[in-house]
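Here is how the chains run, residue by residue.
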Amino acid sequence: MGTPSLIRATTIAVLILSISMLLYFASSILIPLCYGLLIAFILYPICVWIEKLRIPRTVAALISISLILILIALILTLFFFQIRSFFKEWEMLKHEMLASLYQLKTYIQEHFNVSAEVIESTINERVKQSVSSIFDHLGDSLTQIVSSVVMLFIIPIFSFLLLTTRAKLLKSIHLLFPETDSKRITAMLHKVIQTYYRFIKGMLIVYAIVAVLNSFGLWILGIPYPVLFGSIAAILTFIPYVGIMVGALLPISISWITYGNIWYPLAVIAVFSIVQYLEANIIFPYVVGTRLNLNTIVTLIAIFIGGIIWGVSGMILFVPFLAIVKLFADEYPGWAALSNLLSDK
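Residues numbered from 1 in each chain as written. Predicted model: local features only at pLDDT ≥ 70, side-chain atom pairs only at ≥ 80, totals over all residues. Heavy atoms only, no water.

K.L.:
Got a minute to help me understand the pattern of salt bridges in this structure?
P.N.:
Tallied over the full model, the rule gives 3 salt bridges. A salt bridge links Glu-51 to Arg-57; its shortest N-O distance comes to 3.4 Å. With relative accessibility at 18%, the residue Glu-51 sits in the buried group. By relative accessible area, Arg-57 is classed as partly exposed at 32%. Of the charged contacts, one joins Arg-166 and Glu-51 as a salt bridge, the two residues approaching to 2.8 Å between their closest N and O atoms. One end of the pair, Arg-166, is in helix 6 (residues 166-176); the other, Glu-51, is in helix 2 (residues 27-51), and 115 residues separate them in sequence. Assigned by exposure class, Arg-166 and Glu-51 land together as buried. Shared partners join several salt bridges into a network, and the residues in it are Glu-51, Arg-57 and Arg-166. (Salt bridge = Lys/Arg side-chain N within 4 Å of Asp/Glu carboxyl O. Buried < 20%, exposed > 50% of the residue type's maximum accessible area, 1.4 Å probe, protein only. Helix = DSSP H or I, 4+ residues; strand = E, 2+ residues; numbered from the N terminus.)

K.L.:
Could you clarify how one ought to interpret the side chain of Asn-214 in this entry?
P.N.:
As for its placement among the helices and strands, Asn-214 is situated in helix 7 (residues 182-221). Looking at Asn-214, its side chain comes within polar contact range of the main-chain oxygen of Gly-230, at 3.4 Å. Once you skip the residues sitting within four places of it in the chain, Asn-214 turns out to touch Gly-230, Ala-233, Ala-234, Val-271, Phe-272 and Val-275. (Polar contact = N/O pair within 3.5 Å; in protein donor to acceptor, adjacent residues only side chain to side chain. Contact = heavy atoms within 4.5 Å.)

K.L.:
What is the right way to read the packing of helix 10 (residues 263-291) against helix 11 (residues 296-310) from this model?
P.N.:
Between two packed helices, the angle of one axis relative to the other and the distance separating the axes together describe the packing. Remark: helix 10 packs on helix 11, axes separated minimally by 9 Å, with the N-to-C direction vectors making an angle of 120°. As judged from the angle between their axes, helix 10 and helix 11 are oblique. Seen from above, helix 10 lies across helix 11 with right-handed handedness. Note on element contacts: helix 11 touches helix 10 through Thr-296, Thr-299, Leu-300, Ile-303 and Phe-304, opposite Ala-280, Asn-281, Phe-284, Pro-285, Tyr-286 and Gly-289. (Axes fitted to C-alpha atoms, helices over the stretch in contact; angles between N-to-C directions. Parallel < 35°, antiparallel > 145°, perpendicular 65-115°, else oblique. Left-handed = near helix turned anticlockwise from the far one by under 90°.)

K.L.:
Would you mind going over the packing of aromatic side chains with me for this structure?
P.N.:
Each aromatic ring pair is specified by the distance between its two centres and by the angle formed by the two planes. For the structure on display, the rule yields 6 aromatic pairs. Each ring, one from Tyr-24 and one from Phe-25, has its centre 5.1 Å from the other, and the planes form 85°; the classification is edge-to-face. The exposure class of Tyr-24 is partly exposed, given its relative accessible area of 46%. Ring geometry for Phe-318 against Phe-321: centres 6.1 Å apart, planes inclined by 40°, an arrangement best described as tilted. Here the residue Phe-318 and the residue Phe-321 both occupy positions in helix 12 (residues 312-331), the gap between them amounting to 3 residues, near one helical turn. Given the relative accessible area of 12%, Phe-318 is considered buried. Judged by its relative accessible area of 23%, Phe-321 falls in the partly exposed class. Three or more aromatic residues joined by ring pairs make a cluster, and in this case those are Trp-310, Phe-318 and Phe-321. (Phe/Tyr/Trp six-rings, centres within 6.5 Å; stacked < 30°, edge-to-face > 60°.)

K.L.:
What's the story with helix 11 in this structure? I'm lost.
P.N.:
Compared with an ideal rise of 1.5 Å per residue, which puts 15 residues at 21 Å, helix 11 spans 20 Å between its outermost C-alpha atoms and is within 8% of the ideal. Sitting at the amino-terminal end of helix 11 is Asn-295, which places a side-chain oxygen 3.0 Å from the backbone nitrogen of Ile-297. The positive-phi residue at the C-terminal boundary of helix 11 is Gly-311, with phi of around 70°. (Expected span 1.5 Å × (residues − 1).)

K.L.:
Please clarify how the nonpolar core should be interpreted in this entry.
P.N.:
In a soluble, globular protein the nonpolar side chains are often hidden away together inside. Counting 51 residues, the largest nonpolar core has Tyr-35, Phe-199, Phe-284, Val-288 and Val-319 as the members making the most contacts within it. When contributions to this core are tallied by element, the ones reaching two or more residues are helix 2, helix 3 (57-88), helix 5 (116-164), helix 7, helix 10, helix 11 and helix 12. For this core, the element with the most residues is helix 2, which contributes 11 residues. Setting aside chain neighbours within four positions, we find Phe-199 in contact with Leu-38, Phe-284, Val-288, Leu-292, Ile-316, Val-319 and Pro-320. Ranked by size, the runner-up nonpolar core spans 11 residues in total, among them Leu-218, Ala-233, Ala-248 and Phe-272. (Core = buried A, V, L, I, M, F, W, Y, C linked by side-chain atoms within 4.5 Å.)

Here it is in structure tokens:
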């Protein structure tokens, strides 16, 4: 490799490393800002339409953001009712669980000649380990929940400020790139907004596919109200980690109460686990990637890298970021190699 090529490769590697470090160490401010930017792009056409009714920009932005807040409130309400329904079934579920444990203990005694004392000591030990594990992860879960609540307050503020100060931001971009034609910059910004819209459409299709797969799996198992439970679980997957667990609680408890057999709850867990795996590794990269005209393999890599740097937020946000990079690569001839790499054509 020649010296110029080596210098270029080293420069690119240092640049990638620097950007990755910046994204990682500034994640606490960049993640809510990027979510706010995402929501602002989505709400921009609605805000402009409201402004055409001679409503002030500040009021139009407030109305637009209120629509998103109402949607979030509906999801959280659904989340709350799922938990409340689960605790209503707890007494019956506990009775079924004790009965199943007794049946399991009897089966082991009869078929494996194990004494009741050994079985009970083993169960008690496993319970202690489970409780200890729960408490070990409780702190991380509480931190995650508190961080999510704080973000729910900060993100609408960022979106509101971006919508109300968009003229100043646009002027700053024009001043930053004075050699670029203003119409070209405006056209690029419109393409970015269209990219985010395609991303949201792709996400809606993903949730619809997940709902169908969940419902089909529950229907095969004979769980009551499979479409209802499958759709609720698909919607709640929007809430990282906790959502899918809460979405599975009610069908798990209903299957146990209905059939009184531990294999049905385990089968429900298997259904949701398989669908979650397919969603993360196949459905999301393919559906969203094709909507954004991105290479499926590159989309999957972006999801993995986003997960490493920003966790679940990175898995969501890095895909539209990659699509925006592709837009710029398409515009500049010097980035033809990158454009070809990212494209699905």
